[in-house]
Amino acid sequence: MSTQEEAIASLPLGSLNHEAADVAYPSTTQSQLAFRDIIDGLKHWPIWLMLAYQDIKLRYRRSVLGPLWLTLSMAITVYSMGFLYSHLFHIELAHYFPFLVAGMLGWSLISTVVIETIDGLITSDGFIKQIKLPYTLYIHRIVTRNVIIFFHNLLVIVPIYLIFHANVSINLKTLFVIPGLLIIYFNAISYGLILGMIGARYRDVSQIIKSLVQVVFFITPVMWSADVLKGVNRYIADANPFYSFLELIRAPLLGAFPTLLNLSMVTAFSLFGGFVAYKMLVKYRSRIVYWL
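Predicted model, so just to flag it, every value in this text is computed and none were measured.

Asks: Quick rundown of helix α4 (residues 68-88)? Include the residues and the values.
Replies: Note on helix geometry: an α-helix contains 3.6 residues per turn, so any two residues three or four positions apart are oriented the same way. In this model α4 runs 30 Å from its N-terminal to its C-terminal C-alpha over 21 residues, within 8% of the 30 Å that 1.5 Å per residue would give. Looking at the residues trailing α4, positive phi occurs at H90, about 55°.

Asks: Kindly report on the packing of helix α2 (residues 30-43) against helix α14 (residues 260-284), identifying the contributing residues and their values.
Replies: The angle between the axes and the distance between the axes are what describe a pair of packed helices. Across the interface, α2 lies against α14 with an axial gap of 8 Å and an inter-helix angle of 120°. Classified by the angle their axes make, α2 and α14 are oblique. As for how α2 packs across α14, the hand of that crossing is right-handed. Listed contacts from α14 to Q30, S31, A34, F35, D37 and I38 of α2 are Y278, L281 and V282. Its residues placed into classes, the contact of α2 with α14 shows 6 nonpolar, 2 polar and 1 charged.

Asks: Quick one: what's the story with the packing of α2 against helix α3 (residues 45-59), residue by residue and with numbers?
Replies: In the contact formed by α2 and α3, the axes pass within 5 Å of each other and the chain directions differ by 65°. Taking contact as the criterion, the partners of G41, L42 and K43 in α2 are, on α3, W45, P46 and W48.

Asks: Please set out unusual backbone geometry residue by residue, giving values where relevant.
Replies: Most peptide bonds adopt trans geometry, and most residues besides glycine take a negative phi value. In this structure, H90 takes a positive phi of about 55° despite not being glycine. Tracing the sequence through the fold places H90 in the loop between α4 and α5 (93-117).

Asks: Tell me about the environment of G120, residues and numbers included.
Replies: Position of G120 relative to the elements: it lies in helix α6 (residues 120-123). Along the sequence, G120 and Y135 sit 15 residues apart, while their C-alpha atoms lie 9.9 Å from each other.

Asks: Please give an account of the layout of surface pockets that cites residues and values.
Replies: Estimated volume of the largest pocket: approximately 490 Å³. For the lining of the largest pocket, the secondary-structure elements that each account for two or more residues are α5, α10 (177-201), α11 (204-219) and α13 (241-253). Counted by class, the lining of the largest pocket contains 16 nonpolar, 3 polar and no charged residues. In this structure, the second largest pocket encloses a volume near 390 Å³.

Asks: Describe α14, naming the residues involved and giving the relevant values.
Replies: Compared with an ideal rise of 1.5 Å per residue, which puts 25 residues at 36 Å, α14 spans 36 Å between its outermost C-alpha atoms and is within 8% of the ideal. When we look at burial in α14, the residues that qualify are N262, M265, V266, S270, G273, A277, M280, L281 and V282. Buried positions along α14 lie against α2, α8 (135-153), α10, α12 (235-238) and α13.

Asks: Pulling in residues and values, what's your account of the nonpolar core?
Replies: One finds V101, L109, I157, M197, I249 and L253 to be the most contacted residues of the largest nonpolar core, which totals 70 residues. Not counting the four nearest positions on each side in its chain, L109 is found in contact with N146, V147, F150, L181, I184 and I249. By size, the runner-up hydrophobic cluster in this structure holds 5 residues, among which are W224, L229, A237 and Y243.

Asks: Report on the environment of K173, specifying residues and quantitative values.
Replies: Within the secondary structure, K173 sits in the loop between α9 (158-163) and α10. Classification of K173 as partly exposed rests on a relative accessible area of 34%. Sequence separation between K173 and A251 is 78 residues, and the spatial gap between their C-alpha atoms is 8.6 Å. In contact with K173, not counting residues within four places along its chain, are P252, G255, A256 and F257.

Asks: So what about the pattern of salt bridges? Which residues, and what values?
Replies: Any two side chains of opposite charge can pair, so long as their charged atoms come close to each other. Considering all chains together, one arrives at 8 salt bridges under this definition. One salt bridge in this structure joins R285 and D37, with 3.2 Å as the shortest N-O distance. Residue R285 is found in the loop between α14 and α15 (288-291), and its partner D37 is found in helix α2; the two are separated by 248 residues along the sequence. Judged on exposure class, the residue R285 and its partner D37 are both buried. Across the pair R234 and D238 runs a salt bridge, and its minimum N-O distance is 3.2 Å.

Asks: With reference to specific residues and values, describe the side chain of D55.
Replies: In this structure, D55 sits in helix α3. Residue classification places D55 among the buried positions, given a relative accessible area of 13%. A polar side-chain atom of D55 sits 2.5 Å from a polar atom in the side chain of R145.

Asks: Got a sec to walk through a nonpolar patch on the surface? Specific residues and values, please.
Replies: Together, L68, L155, V158, L162 and I163 make up a nonpolar patch on the protein surface, roughly 490 Å² of accessible area in all. Sort the elements by how many residues they give to the nonpolar patch and α9 lands first, with 3 residues. If you trace the backbone, I163 turns up in helix α9. In this structure I163 comes out as exposed when scored by relative accessible area, which is 59%.

Calculation criteria
Residues numbered from 1 in each chain as written. Predicted model: local features only at pLDDT ≥ 70, side-chain atom pairs only at ≥ 80, totals over all residues. Heavy atoms only, no water. Helix = DSSP H or I, 4+ residues; strand = E, 2+ residues; numbered from the N terminus. Expected span 1.5 Å × (residues − 1). Axes fitted to C-alpha atoms, helices over the stretch in contact; angles between N-to-C directions. Parallel < 35°, antiparallel > 145°, perpendicular 65-115°, else oblique. Left-handed = near helix turned anticlockwise from the far one by under 90°. Contact = heavy atoms within 4.5 Å. Nonpolar A, V, L, I, M, F, W, Y, C, P; charged D, E, K, R; others polar. 1 Å grid on protein atoms, 1.4 Å probe; cavity = no way out; pocket = protein on both sides within 12 Å on 5 of 7 lines; lining within 4 Å. Points joined across faces, edges and corners; volume = space filled by probe spheres on them. Buried < 20%, exposed > 50% of the residue type's maximum accessible area, 1.4 Å probe, protein only. Core = buried A, V, L, I, M, F, W, Y, C linked by side-chain atoms within 4.5 Å. Salt bridge = Lys/Arg side-chain N within 4 Å of Asp/Glu carboxyl O. Polar contact = N/O pair within 3.5 Å; in protein donor to acceptor, adjacent residues only side chain to side chain. Patch = residues over 30% accessible without salt bridge, like charges linked within 9 Å, V, L, I, M, F, W, Y side chains within 5 Å. Areas by Shrake-Rupley, 256 points an atom, 1.4 Å probe, with all protein chains shown as cover.

The structure is reproduced here in structure tokens:
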């Protein structure tokens, strides 16, 4: 038995089971079962929180720095890119460095969640086939793991605040990063569930999504500012949902609010993602185990 399975087995039995197996409710509709899956996924937060923590802990087991390697790796990447691209784009380092670091922190969270949730149900097939737990729990596990890593990586921006304090400031607007993260979390669960079901049914989609994420990185204003786009070309950024979600993190970290257009895009995609995820869970929930 693995470390994670032993940890789950040590929890009270009542926390692992649904109120009863689906077969015990022959009159229960798929809609009710899907809704119960969502609610039970939230109720089982100690399990997916523990699994997320265990994932990070096991990844860096026996290393000296442990999870701090996450922060060190991010620091090396963004600091190197900052010096290089500030010269390539002919932008003053004091203005470009905070912009790039804040953008990379947000992009790392969003892109990693997309890449990992597409295989989220597949990689959890051992649990799914052996333990009666909500399917949404496995998506919570992935998203929570990456949120924890995000908070680790936030240490990277601290030296930027200290060195370039004249160009970037921490103010009350910075606190908006908390509701921004909550919005991203909700969307990560919604779209993660959609991607997880599609990835479990069609295995080739996983490779397609991972390749597309690399392309989206270059067309999303992460390393470059959307202000360089003029006129009609501005829609390349404004119509990109990744840009709007990215601004939920980057703008507050730079002491500003996301624009009204960004918030409108996020609201529209949040409602759409939640609706589609629920409908797909209602229709395909009973088939997931057979796809694994």
